[in-house]
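A look at the structure
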Amino acid sequence: MKLFVVCFAELWLLSVLYLKAGEAQGTFCSFFGNKSPSPQPGLQNCTWYRESSCCVNEEVESLFSKVLVPDNSNGVCRNYINYLMCYVCDPRQSNFYQQERLTVCADFCDDVLDACSNAVLKGRRMGSQYGSNGTAFCEDQRFQVSTRAESCFTLATSKRTLRGSSSAPRPSVLLVLLMVLGVVGSGGRFASKLAALLPVAIVLLLISPSHGLINEANIRTLATQVGNHLQNAGSGIGRDALQDLYNGATSSTRDMLNQTAILEAIGDKLMSITDDLDTAATAVRAAVLNARRSAPSKPFVSPGLDSLASSVYRDADSRQDMASLNPMYNSTFRRYISFQQSTVKIPDNVDRDSVDVYDTIRWSANIDNTLKSLSNKRNVRWAYFGSETGVYRSYPATEWDSNFAGFRVDFDPRSRPWYLAATSGPKAVGIVLDCSISMAESNRFAIAKAAVKQIINSLSRDDQVNVVCSRGSYIDAGASSRTFHNTVLGCNTAGLMRATPSNRAQLLEALDAQSTRGSGENLDEAVKKVASFFKSGSPTPAIGCQQIMVFISDGKDTDEDAFRSICYHKDRGSYGCNLIRTDFSKIYTAATDAANTKGIKMVGIETGNQGSTLPGKIGCDNGGLYVQLLSPSNVRTQLNSYFSYLARLSNTENEKISPTAPYVDTNGLGRIITLSRVIYDPDNANNLLGVIGVDAVLDDLENTLLDDQFGLSYAFLIDNEGRAIIHPRLKPSAELVDDPVYPNIADLELYRGQPAQFTATNGILAAMMNQETGATNVLGPRPQQAGGLQDAVIWIDNVNFTYSYSAVTGTQYSFAFVLTLRDEFQVRLDNYPYNASHPNYYHEISKYNSATRSSIGFTSSDQKYNNLAVARQVSTFKLAAQSFCDPTRYLLSDVPNFTTVNSFFSGNSAQLACDSGGVFVPDVRSTVYLTNNIENTWKGRSTAVDDEVVWTYFGSANGMWRSYPGSRSTRDYDPTRRPWYHRALANPPTLLATSSVYLDAGGIGKVVTLAQTVFQTVTMSSGGVACTATTDRPGNCACTTNSQCRSLYCYKSKCSNPQVAGVAAVDILYGQFAEMVQSSLVAPGIPTGDRCTQANVDCLVINDAAEVVYSAGFSNVSDGDPRNYASVPLGQLNGAVMLDLTDKGVFSRISFRNLQGTCQAAPYAPRAADRDLILSAEQRDNYYENRGPIPRFSNDFGCQLDQIQYQRNSSVSISSTISQSFSGACSDGSYRLVAVADTNLMLLVVETTTAKSGRLFNFNCHIWNNVARSGGFASKETACGNDHEESVIRGVCPTATTHTPACSYSGAPPLVSPSTLLAVLMALIPVFLQF
């Protein structure tokens, strides 16, 4: 035990010392989000940084695995490129990596070029491209180059720093003492006594004498004090003054929503997208055919790409080619582009000297005029042609992105899902992978795994896939039995699963974990297993348009001479009998049966050069394909025949292929869809030319759908398989980090199986999937977004609402609008008068002239606001996209501009309706004018309140945001989509809704938000049945209690209208909030022993989501460590108390699968510095325009989470104190809980009598708290629970062909390998040309 104590203390102190050393030296890891460097003794690459490293193994593997070194690189070159990539581990990187730009030392650039002079980069030797000019090479990699050693990266400097630095931390006296204890502790008496006393000392330090839990009366007093302080701060919101302004707005009108009109608007948006796509795709396809028909004859030998005119060939990988086109930043594309012409991208594994490449580039240049004509299509972005030769021509022109090492990101159109979807339609691919020991020889298993990865990555979510890794049992030379079985690598072990991004990632992860073991005896069973995944007979809609089995093996019939098959004897038991020789006939028979009985296309792939006939016979004898792979590099090129074979299994030339499912664009355009068309040579129907594609963005549609939200009413979009594409409970495009998994709409619309009409036979969902139009009235639960965690909702029972739905003919999409009875009428604020003596100021305050800026108190040197530009004397207003008639145009182009907005909101000029050319939605100007009157209330509050408050603001339901003091916001900011807004709506309107702690986006520090709801008003008759009802009284009815009103808010003896006008809020710096709470917790009159200052007592303030809003420890947590202060669940601090409160019904535990969650590739690390991370609103708006060529590492990736959340159960009263003892794995003790009146908060006082969490290696404590806490936990089931179900393919299968490829195989290995033969032939060509 002594040694454990010593080792643990030693490691802990060492890590702290290194962390402090990093902070002291001012070093931080700018490439990794500004975390601190730390010791990484297990670092597998860049090992010279083990003592102090910015990277961990997971990050290195994620980055380095995506970089392909140039062809013909020798060992020295590979080493230097690896050295270069190791800049990501250098603890000095904050000196040379700044603002997404890497600065490399000039001499190191020279060294890299010298080492790699014979390497081939983009078809040319690096030495011939750059000579000895290393600076030119680095600048082409988009690096900055410097000769100042202190501000540039060089390997020698880094190694020298690590080897000879005098600033390396030295062990402290305590650390030395602990190490001595560890050495002597095995036998020394003195050490034994000290070691025995150490745990006692730790316990004495952790636990001081107990004074007993604070009594109930005093706890209620403390809670009252907390509530009084919060209400005092909350008075600065001015909610009553705002409510009075709305109640006094006599020009309000009430409109009945027109569901039909809403459906038509959504349908028109979707139709405009598909029409633009179809028109563009038809035009580009015709242009390619015409260009091919008029193409000149192909030359015998390529004259070289340099001979092509610049109007024909601009290389997307060339900085010089792009610079000559004068690219300009385009906000629609979020990058620098040129509309002058297209650019060409050639995959790294394609020979640039190929005559086919030359010819394709030459004739395809004639489609440019057609491509240019598409620039007027609102929804179209990229248009392109992917050739079967690998040439990729795209428009508009743009420079291709680089990876972190400076090399251009590779791209081969032929393996992209849109290319294969166009050529073969949806397909099912089952893979049999030979994982026996013979595959370890000559790199065969690496070749096989590379092939499987290529095949998996070529699939889209409309395809299905699974892999079986085959291993057999044997008796080894030592007579030991070795048992192995076939392993299904997919998370669905009983069949195929959708090739969604998450399922592909799971398969690839499982594939990486495989190694060669066992014999090949089970290969026939593996074939049968994969065959069982497919349906019998012709392909069915549940399995895909094409059914393909890929058999990958070296075909060797023996694994090792010592391998014996297992035989059994009644007396001897199991023993090794026959030398194992794989029975090819059984494998062949199983494959032939699958091909004959289930119509499966067979592909045999041989890895290596064994001269085996098995893969060839499986493919060729069954009318399929045989492929031989000889090297793990350039596997895509070696698989060309496989992808060409898939393209010829269907005749899609005249088929109307539906657009792809929406996916996230890698260039930051959000969700896009692609429509592709296959093209065959007009002069040779068997010659596949390639595929054209057109991308369209879903911005318009997404904005329309998400903006159509009124109270509990909203719209959503699904496809014809019932998958939710756009829904308020799903992440918007801007928050997605990967292609999302689209859940079944029923998972979002149902609560405990209700409403049953939604999923009933011939119900609402069935009608939508059949693309019918209709409407259904329902009584059931409706979700209300509750803020906090993504997808956090509360369900409101017994709501009357209507599903109205329709579809767009010719697409796979249907949409619905859900309208509740309470939202049927919407209040509109009309013609509120303009007050010329009290002008409104738009949030772009820096654009006003100097005199105006001076008059409004403009400053950018206020320390309270972290030197952000603010207007201290006035409030400003900002409009969300939904406030504009054309939200997408505003978001992408910032139209209308500052002058137009400022002019329109400075008078009473006529306002046009949106359908008559208007710019703003009708009631936005009145909202701006009305809320301007709250400014004086905000400015007139007491100094004490004003000192506590940082920001004060009001977000209206129509997207207007007014903030005091005035400041600039980001263009995409929408108050109605913020957690504080949802939290206020989810709580009773009489409560002060308090958020959890979070970091202010402007960088002013940790803040807490207090928010309250404001309602619309409309004059109604006070008489009638409605106003005399016991409950559900409409607005303006007389009331005495909140429960009498439909809005649940009785304000000044009148029911508020149930329609929300908006939410008003204040932000308080957490330090001041904590002081406020702490001063409450030492209330006068409370005995010292009954205060929260006792060492064994924790006083926590928690909210209605069981998140800790106040803990004494939060004040000591760095702003850069959000995991330890932002939305911290109570269960993380005390799992036993959390579980007990759940058992008592105080909180309800809700679990669900979040299919669009976010996970981290590397372990969490707090931020050590803010440089380049805390950006102003203007910098965030202009990020894409000013971003550097080498973005910092993104630790996030899309994943599925098992999400846990807690909600306060309003049926369980805590107006009186709840007292309870508890016992858990971390501690024993007792607690008391009481509500903080008129807020969503509770005061929780916990007394610890026995602390167990301080015990070393108390894993039970960690597990206990994890079970109890809320949050997202990476799902072990991945997408299988949702994505392996058989899909329903509705009329999208192209016509199948009877194509049988030329297929042959040889039973003997060739005397010369194909690659060697090719090299010899290429060398002879110049000789032939001399004759």
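Only a predicted model underlies this, so the values are computations on that prediction, with no experimental measurement involved. (Residues numbered from 1 in each chain as written. Predicted model: local features only at pLDDT ≥ 70, side-chain atom pairs only at ≥ 80, totals over all residues. Heavy atoms only, no water.)

1. Notes on the overall build of the protein
- When helices and strands are counted, the protein shows 42 helices and 53 strands.
- Every one of the 1331 residues in the protein was classed for burial, and the buried ones make up 55%.
- Only carbon and sulfur atoms are counted for the fraction: they give 51% of the accessible area of the protein, which is about 54,400 Å². (Helix = DSSP H or I, 4+ residues; strand = E, 2+ residues; numbered from the N terminus. Buried < 20%, exposed > 50% of the residue type's maximum accessible area, 1.4 Å probe, protein only. Areas by Shrake-Rupley, 256 points an atom, 1.4 Å probe, with all protein chains shown as cover.)

2. Overview of the sheet that holds strand β9 (residues 343–345)
- Overall, antiparallel pairing links the 6 strands, which are arranged β9-β11-β10-β26-β25-β24 in an open sheet. Bordering the open sheet on either side are β9 and β24 (663–664), each of which pairs with just one other strand.
- Examined bridge by bridge, strand β25 (residues 671–681) and strand β26 (residues 684–697) share 10 bridges and lie antiparallel to one another. Across the sheet, R677 pairs through a bridge with I692, a residue of β26. (Pairing = 2+ DSSP bridges.)

3. Focus: the packing of aromatic side chains
- Under the definition given, this model contains 54 aromatic pairs.
- Judged by centre distance (5.0 Å) and plane angle (10 degrees), the rings of Y751 and W795 are stacked. Residue Y751 is found in the loop between α25 (745–749) and α26 (756–759), and its partner W795 is found in strand β30 (residues 793–807); the two are separated by 44 residues along the sequence.
- A cation over an aromatic ring shows up here: K617 above the ring of Y588, its NZ or CZ 4.7 Å from the ring centre.
- Positioned above the aromatic ring of F801 is the side chain of R782, whose terminal nitrogen or guanidinium carbon lies 4.3 Å from the ring centre. (Phe/Tyr/Trp six-rings, centres within 6.5 Å; stacked < 30°, edge-to-face > 60°. Lys NZ or Arg CZ within 6 Å of the ring centre and 35° of its normal.)

4. Quick word on unusual backbone geometry
- Here the amide bond leading from Y395 into P396 is cis, since omega sits at 0 degrees, within 30 degrees of zero.
- Cis geometry is adopted by the peptide bond preceding P965, which originates at Y964 and carries an omega value of -5 degrees.
- Mapped onto the elements of the fold, P965 is located in the loop between β37 (960–964) and β38 (966–967).
- For Q99, which is not a glycine, the phi torsion comes out positive at approximately 50 degrees.
- Position of Q99 relative to the elements: it lies in the loop between β1 (97–98) and β2 (101–105).
- For A1106, which is not a glycine, the phi torsion comes out positive at approximately 60 degrees.
- Along the chain, A1106 turns up in the loop between β45 (1097–1102) and β46 (1108–1110).

5. Looking at the environment of D665
- Summarising the element assignment, D665 is placed in the loop between β24 and β25.
- Remark: the alpha-carbon pair of D665 and D739, spanning 74 residues in sequence, is separated by 8.4 Å.

6. Thoughts on empty space enclosed by the protein
- Applying the stated criterion across every chain, the model contains 2 cavities of 30 Å³ or more.
- Of the pockets and cavities examined, the largest cavity occupies roughly 60 Å³.
- Y842, H843, E844, Y890, D894, R968, S969, R971 and D1181 are the residues that line the second largest cavity.
- The residue inventory of the lining of the second largest cavity, partitioned by class, reads 2 nonpolar, 2 polar and 5 charged. (1 Å grid on protein atoms, 1.4 Å probe; cavity = no way out; pocket = protein on both sides within 12 Å on 5 of 7 lines; lining within 4 Å. Points joined across faces, edges and corners; volume = space filled by probe spheres on them. Nonpolar A, V, L, I, M, F, W, Y, C, P; charged D, E, K, R; others polar.)

7. A look at the pattern of salt bridges
- For the structure shown, the criterion picks out 48 salt bridges.
- For K122, the salt bridge goes to D348, with nearest N and O atoms at 2.5 Å. Of this pair, K122 sits in the loop between β3 (120–121) and β4 (124–125) while D348 is found in the loop between β9 and α14 (355–364), placing the two residues 226 residues apart along the sequence.
- Residue D348 is classed as partly exposed on the basis of its relative accessible area, which comes to 30%. (Salt bridge = Lys/Arg side-chain N within 4 Å of Asp/Glu carboxyl O.)

8. Describing the side chain of D359
- As for its position among the elements, D359 is in helix α14.
- Apart from residues lying up to four places away in sequence, D359 is in contact with R292, P296, K298 and P299. (Contact = heavy atoms within 4.5 Å.)

9. A short note on the state of the cysteines
- Under the definition given, this model contains 14 disulfides.
- One disulfide bridge connects C46 with C86, the sulfur atoms lying 1.9 Å from each other. When the S-S torsion is -80 degrees, as for the bridge of C46 with C86, the disulfide is left-handed. Of this pair, C46 sits in the loop between α1 (2–25) and α2 (57–64) while C86 sits in the loop between α3 (75–85) and β1, and the two are 40 residues apart along the sequence.
- On the basis of relative accessible area, C86 is assigned to the buried category, the value being 0%.
- With its sulfur 1.8 Å from that of its partner, C105 forms a disulfide with C152. The chirality of the disulfide connecting C105 with C152 is right-handed, given an S-S dihedral of about 90 degrees. Placement of the pair is C105 in strand β2 and C152 in the loop between β5 (144–146) and α7 (155–164), with a sequence separation of 47 residues.
- You can call C105 buried: its relative accessible area is 4%. (Disulfide = S-S within 2.5 Å.)

10. A few points about the side chain of D1000
- Assignment of secondary structure puts D1000 in the loop between β40 (998–999) and β41 (1006–1015).
- Of the side chains with opposite charge, R1180 comes closest to the buried, unpaired D1000, at an N-O distance of 7.0 Å.
- When neighbours within four sequence positions are excluded, D1000 is seen to be in contact with W951, G1005 and V1007. (Lys, Arg positive; Asp, Glu negative; His and termini not counted.)

11. A word on the packing of helix α11 (residues 239–247) against helix α31 (residues 924–931)
- Where α11 contacts α31, the axes come no closer than 10 Å and their chain directions differ by 130 degrees. When the axis of α11 is compared with that of α31, the two are oblique. The two elements α11 and α31 meet at a crossing, and its hand is right-handed. Along its contact with α11, which presents L242, L245 and Y246, the element α31 presents T927, L930 and T931.
- Residue composition of the contact of α11 with α31, grouped by class: 4 nonpolar, 2 polar and no charged. (Axes fitted to C-alpha atoms, helices over the stretch in contact; angles between N-to-C directions. Parallel < 35°, antiparallel > 145°, perpendicular 65-115°, else oblique. Left-handed = near helix turned anticlockwise from the far one by under 90°.)

12. Things to note about the sheet that holds strand β29 (residues 774–785)
- Read from one edge of the open sheet, 5 strands run β28-β27-β31-β30-β29, paired in antiparallel fashion. In this open sheet, the two strands that pair with only one neighbour each are β28 (724–726) and β29. Adjacent strand axes in the sheet meet at a mean angle of 40 degrees, parallel and antiparallel pairs treated alike.
- Against the sheet, helix α12 (residues 259–293) makes contact with β27 (714–719), β30 and β31 (813–820), and its axis sits at roughly 155 degrees relative to β31, the strand it touches most.

13. A look at helix α18 (residues 501–512)
- In this model, α18 (12 residues) spans 16 Å end to end at C-alpha, consistent with the 16 Å of a helix rising 1.5 Å per residue.
- Across the 12 residues of α18, 9 count as buried, placing the element largely inside the fold.
- Looking only at α18, the buried set comprises P501, S502, N503, R504, Q506, L507, L508, A510 and L511. (Expected span 1.5 Å × (residues − 1).)

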